[in-house]
Amino acid sequence: MSTRPVAPARTSAAATRSRAHTADLVRVLLFTGVVVAHSIHGINSAPDVVRASNLVGTLLHLTRYGFVAVTLFVLVLSTRDRPMAPRTFWRRRFGLVVWPYLLWTLIYSVTDHLVIQGNPFGSPSQFVGDLALNMIDGEGKYQLYFLLISMQIYLAFPAIAWLLRRTENRHWAVLGVAAAIQLTMFVVYQYLPRPGGEFWFQVYENLWKTLPMYALFVAIGALAAYHHEAVERWLRDHVVGVIVAGLIGTFISVGAYLLATSPGHVPLQSNTPWNPATLPWLLGGLALLWLAAMGWDDLRAAGRPVGAKVVSAATVRAFGVFAVHPLILDILARLGFMSALFDWFPNSAVLRSILLVVVTLTLSLVLVDLLLRTPLSKWLVARPRIPLRRTPPA
């Protein structure tokens, strides 16, 4: 594989930084969406609210596909002017995700027994066996599978960059093939029966954590960065059309969900992450989110007070919040906070959910700030350590 830059054209450092700010905001919003989804799922399961809460969860499946697209966008954009041999790329990137993945798998393997009520430790051999299996299949906690996907992205990225160059004049075809692969995966998981036999059952149970399930969004992120100037120009020239198309996609997916469910009755297949009916929203929602982030970045670049420092600080802490928030939710549940919310707001699932999200985010940020100041910062929250005391400039 060639180690030339990912894209043929060159762009100014300022333009690259600007697009990185756009991606940063999208990533922060997506990480926030993960916390919202898991908080709502953790507190809203009663028949009177399950339809509405699962609709929110269905829409927030955008987080997993959006993460893939943004990750590819940033990788392609950041390596376009800095050629890097595959081994160098892997050496620099894998450590950012492998160590956090292994450490948090170990941490949750312990805290799930210490914090979650009615989940005692088993025998030492069972603990070690479960830990080893969780490190392989990403089931140490419900969000850790995404780090497996991140590792696959890093592993495949040199090949993806090579493919982008080799198919430079056929990128619409690449997009079409990627869409066909992802739609096939959606159909297999949504409509076809599970395979028989232990081996094929295990393949089926884990195949959704592999890149083919996200192929279209891999292509969208990579191609958007490869043709970023043309894509950005097109989005600016067609703002109204993009908004209308995004809203139509949202209405289609929400309408399909409402038709497939009824009050108190939400079939499992109605809100799976691979329901083809959600694809219009996944595409439209990502476009709307990116368009909004571009508008924010325009205001930031113009010097308007739009919270640029807040977004910058949140970017540093976003991965950490992603890693720790299930632990915070488990602790809140063990301390009785979930039950207390029902006592405080017995007739309002909305207020209960909002308060849980705010508390979970706040406590997660506090814990992440503490972890950022430990020697294990890079391994736990994928960021360099922040000194306890900043040395004043000489």
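Analysis parameters
- Residues numbered from 1 in each chain as written.
- Predicted model: local features only at pLDDT ≥ 70, side-chain atom pairs only at ≥ 80, totals over all residues.
- Heavy atoms only, no water.
- UniProt positions renumbered as here; feature names shortened; annotations may be inferred.
- Helix = DSSP H or I, 4+ residues; strand = E, 2+ residues; numbered from the N terminus.
- Rg over C-alpha atoms; globule rule 2.2 N^0.38 Å.
- Buried < 20%, exposed > 50% of the residue type's maximum accessible area, 1.4 Å probe, protein only.
- Contact = heavy atoms within 4.5 Å.
- Areas by Shrake-Rupley, 256 points an atom, 1.4 Å probe, with all protein chains shown as cover.
- Lys, Arg positive; Asp, Glu negative; His and termini not counted.
- Charge placed at Lys NZ, Arg CZ, Asp CG, Glu CD.
- Salt bridge = Lys/Arg side-chain N within 4 Å of Asp/Glu carboxyl O.

- As named in an unreviewed UniProt entry, the chain is Acyltransferase, taken from Gordonia sesuvii.
- The UniProt entry for the chain carries this comment under Sequence similarities (unreviewed entry): "Belongs to the acyltransferase 3 family."

**Examining the overall build of the chain**
Here is step 1 of the chain: Within the chain one finds 16 helices and zero strands.
Here is step 2 of the chain: Taking 21 Å as the expected radius of gyration for a compact globule of 394 residues, we find that the chain reaches 22 Å, a close match to that expectation.
Here is step 3 of the chain: Over its C-alpha atoms, taken along the principal directions, the chain stretches across nearly 60 × 60 × 50 Å.
Here is step 4 of the chain: Counting across all 394 residues of the chain, residues that qualify as buried make up 45%.
Here is step 5 of the chain: Nonlocal contacts in the chain, meaning residues at least 24 apart in sequence, comprise 81% of its contacts between residues at least 6 apart.
Here is step 6 of the chain: Taken as a whole, the chain presents about 20,100 Å² of accessible surface, with 68% of it coming from carbon and sulfur.
Here is step 7 of the chain: A distance of 10 Å separates the average location of the 33 positive side-chain charges in the chain from that of its 18 negative side-chain charges.

**Some remarks on unusual backbone geometry**
What is expected of a backbone is that most residues other than glycine have negative phi and most peptide bonds are trans.
Here is step 1 of the chain: Here A382, not a glycine, exhibits a phi torsion of approximately 60°, which is positive.
Here is step 2 of the chain: For A382, the position within the fold is in the segment after α16 (377-381).

**Regarding the pattern of salt bridges**
Once their charged atoms are close, side chains differing in charge can pair, the charge on each being opposite to the other.
Here is step 1 of the chain: A complete count under the given rule lists ten salt bridges for this structure.
Here is step 2 of the chain: One salt bridge in this structure joins D112 and K141, with 2.7 Å as the shortest N-O distance. Note that D112 is positioned in helix α4 (residues 86-115) and K141 in the loop between α5 (124-137) and α6 (145-166), a separation of 29 residues in sequence.
Here is step 3 of the chain: By relative accessible area, D112 is classed as buried at 15%.
Here is step 4 of the chain: Given the relative accessible area of 7%, K141 is considered buried.
Here is step 5 of the chain: A cluster of three or more residues bridged by salt bridges with shared partners is formed by D112, K141 and D330.

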